[in-house]
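Chain by chain, the residues run as shown.
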Amino acid sequence: MKKRSNLILFFVITLAWTWICGFIPVILGITGTPIGTFIFYFGGGAPSVVGLFIVFLTYSRAERRDYFKRCFSLKYMGWKWPLIVFSIFSIISIVCIHVGVNILGYDMPGMDYIHAIIGNPLMVPLVILISLVSGPLNEEFGWRGYALDKLIVRFGFLKASLLLGFIWAIWHLAWYFTPGQAQYNLLQDSLFDALMMVPSLMLLSVFVSFVYIKTKRSILAGALVHMFSNLLGSQLLSPYSSEMSMLIRYVKMIFFIILMLYTIFSKKFKSEVAEQIKYM
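Residues numbered from 1 in each chain as written. Predicted model: local features only at pLDDT ≥ 70, side-chain atom pairs only at ≥ 80, totals over all residues. Heavy atoms only, no water.

**Q** Mind laying out the packing of helix H13 (residues 197-214) against helix H15 (residues 242-265), listing which residues take part and the relevant values?
**A** Remark: H13 packs on H15, axes separated minimally by 9 Å, with the N-to-C direction vectors making an angle of 50°. As the angle between them shows, H13 and H15 are arranged oblique. H15 is crossed by H13, and the crossing has left-handed handedness. In contact with Met197, Pro199, Ser200, Leu203, Leu204, Val206, Phe207, Phe210 and Lys214 of H13, H15 contributes Arg249, Met253, Phe255, Phe256, Ile257, Leu259, Met260, Tyr262 and Thr263. For the contact of H13 with H15, the class distribution of residues is 14 nonpolar, two polar and two charged. (Axes fitted to C-alpha atoms, helices over the stretch in contact; angles between N-to-C directions. Helix = DSSP H or I, 4+ residues; strand = E, 2+ residues; numbered from the N terminus. Parallel < 35°, antiparallel > 145°, perpendicular 65-115°, else oblique. Left-handed = near helix turned anticlockwise from the far one by under 90°. Contact = heavy atoms within 4.5 Å. Nonpolar A, V, L, I, M, F, W, Y, C, P; charged D, E, K, R; others polar.)

This is the structure we're talking about:
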């Protein structure tokens, strides 16, 4: 019961913190200003900050040691799954660009980051750092690092992953009302496309959880899935049309649905989950 109450507290504080900071600039009409931007992004780190705070307060010394090893140890993560994830998202983006441009007649993505990297390869570390900080480091110490284990123990792998994905999606609520954010641009074009963000993140959450289990609960590996999804599926391609954005999203969702079916019917994967639950 104590672990359950801590988990509920994590979600309540995280959502409240992010929503308050996200909506203050909107309500005061200061979005896009330096102070408004600072307040908005101050709320973006809530999942990791709240998760770390609860870990320090409630975990034993041994549990904290294990937690931080899984956050930063390359040994836990290995190289196999990061390479697989990188390849999957790269192939999805390449196929979608080919289909979108050559078959459906969409505009070619601008790929400003890629052109900048070609002109100055030394920008690669900076681009990776921006991609890592702008989502994974701000969020994954909490979402996968703290919350996922508790949810899997209580609900099982699939329900836990989908539930966490739903909370992850509604956590982005303020993004829909903040000019300059991808969710805001989607909402201006189509309410349906904007709402599709919810099931797409729920399905992405299944993939992140899948890699998390496959790497023996490596939080770092989960963060890299998040990073590669953002980097290879949007950041490196921008600017691009909303049609191209949705094509990439739908192709990702098809892949995630196939993966979800595998997690449902694979006895091998179920045994892997059962083995990892012993350590949660």
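From this point, the narrative continues.
**Q** Account for the side chain of Ser218, naming residues and giving values.
**A** Its place among the elements puts Ser218 in the loop between H13 and helix H14 (219-235). Of the residues examined, Ser218 reaches a relative accessible area of 0% and is grouped as buried. Residue contacts for Ser218: discarding those within four places in its chain leaves Arg70, Tyr76, Met77 and Tyr212. (Buried < 20%, exposed > 50% of the residue type's maximum accessible area, 1.4 Å probe, protein only.)

**Q** So what's going on with the side chain of Asn6? Residues and values would help.
**A** Topologically, Asn6 is positioned in helix H1 (residues 2-28). Relative accessible area serves as the criterion here: at 16%, Asn6 is assigned to the buried category. Discounting residues that sit within four places of it in the chain, Asn6 has contacts with Ile54, Thr58 and Tyr146.

**Q** Got a sec to walk through the packing of aromatic side chains? Specific residues and values, please.
**A** Under the definition given, this model contains 27 aromatic pairs. Arranged with centres 5.6 Å apart and planes meeting at 80°, the rings of Trp81 and Phe210 form a pair that is edge-to-face. With Trp81 in helix H6 (residues 80-103) and Phe210 in helix H13, the pair connects residues that are 129 residues apart, well separated along the chain. Assigned by exposure class, Trp81 and Phe210 land together as buried. When the centroid spacing of 5.8 Å and the interplanar angle of 65° are considered together, the rings of Phe89 and Phe207 count as edge-to-face. In this pair, Phe89 sits in helix H6 while Phe207 sits in helix H13, placing the two residues 118 residues apart along the sequence. A single burial state applies to Phe89 and to Phe207, both of which are buried. (Phe/Tyr/Trp six-rings, centres within 6.5 Å; stacked < 30°, edge-to-face > 60°.)

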